[in-house]
Structures are given as C-alpha cells and as structure tokens.
Amino acid sequence: DGGKGGATAKREAKTAAKTTTKKKELGGDRRIVCKEAVEIIYNKLKVGGELHIATDVESYADHVRELMENVISGFQGGEQKQKRAWREVQTKYEQRGLEFGHTVHDFLYVKHVMQR
C-alpha cells in the first residue's frame with residue numbers, strides 16, 4: 001500500500017467521502033476523489049508511495065486531473081497511456097464502461113515530497 005496504515009487510510013478516506021456526501025445533500029460535491037480524501041491518503045503514504053485512480057467517466061477524469069494538477073501538491077504523475085500490468089483483471093465496472101463505449105482513464109501519482 002506504499003506505507004503503514006493502509007487500512008486506516010481507507011477508513012479515513014471513506015470518512016472524508018461521507019463528509020462530502022453530506023455536502024452533496026447540501027448542494028456540494030460527493031466524489032470520493034476529493035481534496036480531503038487525497039490529503040488523508042497523502043499523509044498516510046511514505047515518499048514513493050503510489051495512488052492509483054481509474055474511471056470511465058469523462059467528467060470524473062477531468063475532475064481528477066484538475067484536483068491533482070492544481071489543488072494537491074506533493075504528488076508527481078498523471079494519466080497513464082497504458083493500463084498497468086497489475087490491473088490486467090477487468091472489474092465489472094470497467095467491463096460495463098467499455099460496453100458503453102467509454103474510455104477508461106488510468107492515473108498514477110507518486111508521493112515525492114512532504115506537503116507543506
């Protein structure tokens with residue numbers, strides 16, 4: 001998982017997602033890839049730890065690009081041209097997206113410095 005506390009990071013990311021779900025009920029965003037969740041993951045990763053994100057929804061891919069390029073610092077990376085070897089197994093969600101003719105966007109970000 002790139003560092004200690006993988007289960008803890010997942011729990012904290014889910015908590016952040018629940019918080020954003022409450023925001024959605026009030027008219028905000030409820031995406032799990034949000035500033036709060038990514039900051040929690042960042043804080044749990046060791047330098048060199050990896051964050052992988054995949055989506056077949058164009059607007060979500062745009063959201064990931066915007067968030068990771070302009071809002072979150074301390075990660076290097078971006079959209080991958082080829083699917084990673086470890087992700088050769090296709091999930092039911094990916095299969096469904098492909099059946100609808102969607103493009104699957106794979107992102108890889110690596111923690112490179114301590115965030116200030």
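Refer to the preceding data block for the structure.
Residues numbered from 1 in each chain as written. Predicted model: local features only at pLDDT ≥ 70, side-chain atom pairs only at ≥ 80, totals over all residues. Heavy atoms only, no water.

Student: Before we move on, can you summarise the nonpolar core with the specific residues and values?
Tutor: Core analysis: the biggest nonpolar cluster contains 15 residues, and Val38, Val64, Met68, Phe75 and Tyr109 have the highest contact counts within it. Counting only elements with at least two residues in this core, the list comes to α2 (35–44), β1 (50–55), α3 (58–71) and β3 (105–111). Take this core: its biggest share by element is 5 residues, from α3. (Core = buried A, V, L, I, M, F, W, Y, C linked by side-chain atoms within 4.5 Å. Buried < 20%, exposed > 50% of the residue type's maximum accessible area, 1.4 Å probe, protein only. Helix = DSSP H or I, 4+ residues; strand = E, 2+ residues; numbered from the N terminus.)

Student: An account of the environment of lysine 81 is needed here, citing residue identities and associated values.
Tutor: Within the element layout of this structure, lysine 81 appears in the loop between β2 (75–79) and α4 (92–99). Spatially, the C-alpha atoms of lysine 81 and phenylalanine 107 are 9.1 Å apart, while their sequence positions differ by 26 residues.

Student: So, the packing of aromatic side chains: which residues are in play, and what are the values?
Tutor: For the structure shown, the criterion picks out 3 aromatic pairs. Judged by centre distance (5.2 Å) and plane angle (80°), the ring pair of tyrosine 42 and phenylalanine 75 falls under edge-to-face. With tyrosine 42 in helix α2 and phenylalanine 75 in strand β2, this pair connects stretches of sequence that are 33 residues apart. With respect to burial, tyrosine 42 and phenylalanine 75 carry one shared label: buried. Judged by centre distance (6.5 Å) and plane angle (75°), the rings of phenylalanine 75 and tyrosine 109 are edge-to-face. One end of the pair, phenylalanine 75, is in strand β2; the other, tyrosine 109, is in strand β3, with 34 residues separating them in the sequence. According to the relative accessible area criterion, tyrosine 109 is buried, its value standing at 3%. A connected cluster of aromatic rings, assembled from ring pairs, spans Tyr42, Phe75, Phe107 and Tyr109. Sitting above the plane of the tyrosine 42 ring, lysine 111 keeps its charged end 4.3 Å from the centroid. (Phe/Tyr/Trp six-rings, centres within 6.5 Å; stacked < 30°, edge-to-face > 60°. Lys NZ or Arg CZ within 6 Å of the ring centre and 35° of its normal.)

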